[in-house]
Amino acid sequence: MENEAKKEESLPLVSVCIPAYNHEKYIAECIQSVIDQDYKNIELIIINDGSKDNTHEVIMSFAEKCEKRFVRFEYRNRENRGLSATLNEAVDWSKGKYFTVIASDDVLIKNKVSLLVEKLEILDESYAVAFGNAIFIDNNSNEVYIDKKTGTYTTKENGYKNFLDYYTNERDFDYKDEKKFGSYETLIAGNYLPAMSYIIKLDIIRKVGAWTNGNTIEDWEMWLKLSKQYKFAYVDEPVAFYRWHDSNSCKLIGKNIHYDSIMLLKNDKEYAIKKNLKDIYYENLVSRVIGIRIYSKRDFVVELLKNINDINFMKLFFKKLIRKIIK
């Protein structure tokens, strides 16, 4: 037993962050899933980002349990600053070799941390992050299948059970291909990586400048940054449950996500073209600008087009728009 304890203490420290916002219904299960990890050397950091419900009270009910379970437990309850700012705060506060985030409505599978740490520990320095997959669950934590066209619950025959199958089903690459997984080429066409299913080297987050405060697509921003310099590892197992419900943050801030996606692509134009990804780049950019029309007034879209101000973009944009109108 003593040798086993020493072995566990020698394992790298992992910083787990829970950014909490208005999830009184789910956060108890989230916290418990971190407590139940079979990896012992964990510090837990919870930041309550200005919740207006009883999220704070639920977190406090776990305080004593967390202090006993983790090598370090920190909780900060403050005003709302947004997810990117919250993640940057957690990075500043963290002391681990590895860092991971679990949204307060999602759930970790028991071996997530141990499985992904083990993977990264045997890889060379060219790898920054390791991912597993994630399984969809509903409000009551039942596993569900999601229909790609409607985004609603469906049957096994008509839907997808896990995150990567769902988000890559129309892509022309196999996410199990280690050369393609997490590559810049696949990510510039759109994010498909499960943000609840990774472990990343903390020093590398700091090297790439962490996240941009106010950005609503913080996960895609990080993966694009990393993919320019590092490799991504994939373990073909589910390591988390992703809760699919009406109050997912991506559904509540749709317009902002579209706009921030467009600005992120605009800023990556030079690098994408340098990498001979011009066609993929413009296809994605145009599709997103056309998509934002469902959220925005005409004046906003016109201003957005002026902001992009790119002849190649304009040609493809009007070509696709005309096709859409004809249909």
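Our structure's up above, just so we're on the same page.
Residues numbered from 1 in each chain as written. Predicted model: local features only at pLDDT ≥ 70, side-chain atom pairs only at ≥ 80, totals over all residues. Heavy atoms only, no water.

Asks: Quick question: what am I supposed to make of the overall build of the chain here?
Replies: A tally of helices and strands in the chain yields 16 helices and 10 strands. Relative to its full complement of 327 residues, the chain shows a buried share of 52%. By sequence separation, contacts in the chain at least 24 residues apart represent 75% of the contacts at least 6 residues apart. (Helix = DSSP H or I, 4+ residues; strand = E, 2+ residues; numbered from the N terminus. Buried < 20%, exposed > 50% of the residue type's maximum accessible area, 1.4 Å probe, protein only. Contact = heavy atoms within 4.5 Å.)

Asks: Can you help me understand the state of the cysteines in this one?
Replies: Two cysteines, two sulfur atoms, one covalent bond between them: this is a disulfide. Counted under the stated rule, the structure contains zero disulfides. Left unpaired, C17 is separated from the closest cysteine sulfur, that of C30, by 9.8 Å. (Disulfide = S-S within 2.5 Å.)

Asks: Teacher, can you tell me more about the pattern of salt bridges here?
Replies: Should the charged atoms of two oppositely charged side chains come close, the side chains can pair. For the structure shown, the criterion picks out 16 salt bridges. E89 is the partner of R81 in a salt bridge, and the nearest nitrogen-oxygen pair spans 3.3 Å. The partly exposed category is assigned to R81, whose relative accessible area is 43%. A relative accessible area of 10% places E89 in the buried class. E125 serves as the salt-bridge partner of K201, at 3.9 Å between the closest nitrogen and oxygen. Of this pair, K201 sits in strand β9 (residues 198-201) while E125 sits in the loop between α6 (112-121) and β6 (127-137), and the two are 76 residues apart along the sequence. (Salt bridge = Lys/Arg side-chain N within 4 Å of Asp/Glu carboxyl O.)

Asks: Whenever I open this one, the environment of I204 confuses me. Can you help?
Replies: With respect to the element layout, I204 can be found in helix α9 (residues 202-207). With 76 residues separating them in the primary sequence, I204 and A128 have C-alpha atoms 6.8 Å apart. With near-sequence residues (within four places) excluded, I204 lies in contact with Y127, A128, L226 and Y230.

Asks: I tried to follow unusual backbone geometry on my own but got confused; where do I start?
Replies: The general pattern is negative phi for most residues beyond glycine and trans for most peptide bonds. Look at A210: it is not a glycine, yet its phi comes out positive at around 55°. Among the secondary structure elements, A210 is positioned in the loop between α9 and α10 (218-227). The class for A210 is buried, based on a relative accessible area of 10%. Phi angles above zero are rare outside glycine, and N276 is one such case at about 60°. Mapped onto the fold, N276 is located in the loop between α13 (269-274) and α14 (278-292). Since its relative accessible area comes to 70%, N276 is described here as exposed.

Asks: It is not clear to me how the side chain of T100 should be interpreted in this structure. Could you clarify?
Replies: As for its placement among the helices and strands, T100 is situated in strand β4 (residues 98-101). Engagement of the side chain of T100 in a polar contact is seen with the side chain of K112, the distance being 2.8 Å. Not counting the four nearest positions on each side in its chain, T100 is found in contact with V14, S15, V16, C17, K112, Y198 and I199. (Polar contact = N/O pair within 3.5 Å; in protein donor to acceptor, adjacent residues only side chain to side chain.)

Asks: Can you walk me through the nonpolar core in this structure?
Replies: Generally speaking, nonpolar side chains in soluble globular proteins are found buried as a group. By size, the foremost hydrophobic cluster in this structure holds 52 residues, and its most contacted members are F99, W223 and L226. Residue contributions to this core peak at six residues, all from α14. With near-sequence residues (within four places) excluded, L226 lies in contact with A128, V129, I200, I204, V208 and F232. Residues I31, V58, V144 and I199 belong to the second largest nonpolar core, which totals 45 residues. (Core = buried A, V, L, I, M, F, W, Y, C linked by side-chain atoms within 4.5 Å.)

Asks: Which parts of the structure should I look at to understand the packing of aromatic side chains?
Replies: To describe a pair of aromatic rings, one takes the distance between the centres and the angle between the planes. Inspection of every chain in the model, using the stated rule, returns 23 aromatic pairs. Geometrically, the ring pair formed by F131 and F181 is edge-to-face, given 5.8 Å between the ring centres and 70° between the ring planes. Note that F131 is positioned in strand β6 and F181 in the loop between α7 (163-168) and α8 (184-187), a separation of 50 residues in sequence. Take F131 and F181: they sit in the same class, and that class is buried. (Phe/Tyr/Trp six-rings, centres within 6.5 Å; stacked < 30°, edge-to-face > 60°.)

Asks: How should the side chain of S197 be read in this particular structure?
Replies: For S197, the location among the structural elements is in the loop between α8 and β9. Using a relative accessible area of 0% as the deciding quantity, one classes S197 as buried. Within the structure, S197 has its side chain in polar contact with the backbone oxygen of N133 (distance 3.1 Å). Beyond its immediate stretch of four places on either side in the chain, S197 contacts K112, L116, A130, F131, G132, N133, A134, V239 and A240.

Asks: What should I look at first to understand the pairing of β9 in this one?
Replies: It is a general feature of regular strands that their side chains alternate between the two faces of the sheet. Burial along β9 is two-sided: Y198 and I200 facing one way and I199 and K201 facing the other are all buried. The pairing of β4 with β9 spans two bridges and is antiparallel. Note that in β9 the partner of F99 across the bridge is I200. (Pairing = 2+ DSSP bridges.)

Asks: Looking at this structure, I do not really get the sheet that holds β4. What am I missing?
Replies: Note: strands within a sheet are paired through backbone hydrogen bonds, in either parallel or antiparallel orientation. Here we have eight strands laid out as an open sheet, ordered β3-β2-β1-β4-β9-β6-β10-β5, and mixed in their pairing. Because the sheet does not close on itself, it has two edges, and the strands there are β3 (72-78) and β5 (107-108). Sheet topology places strand β1 (residues 14-20) next to β4; four bridges connect them, and they run parallel. Bridging from a neighbouring strand, S15 pairs with F99 of β4.

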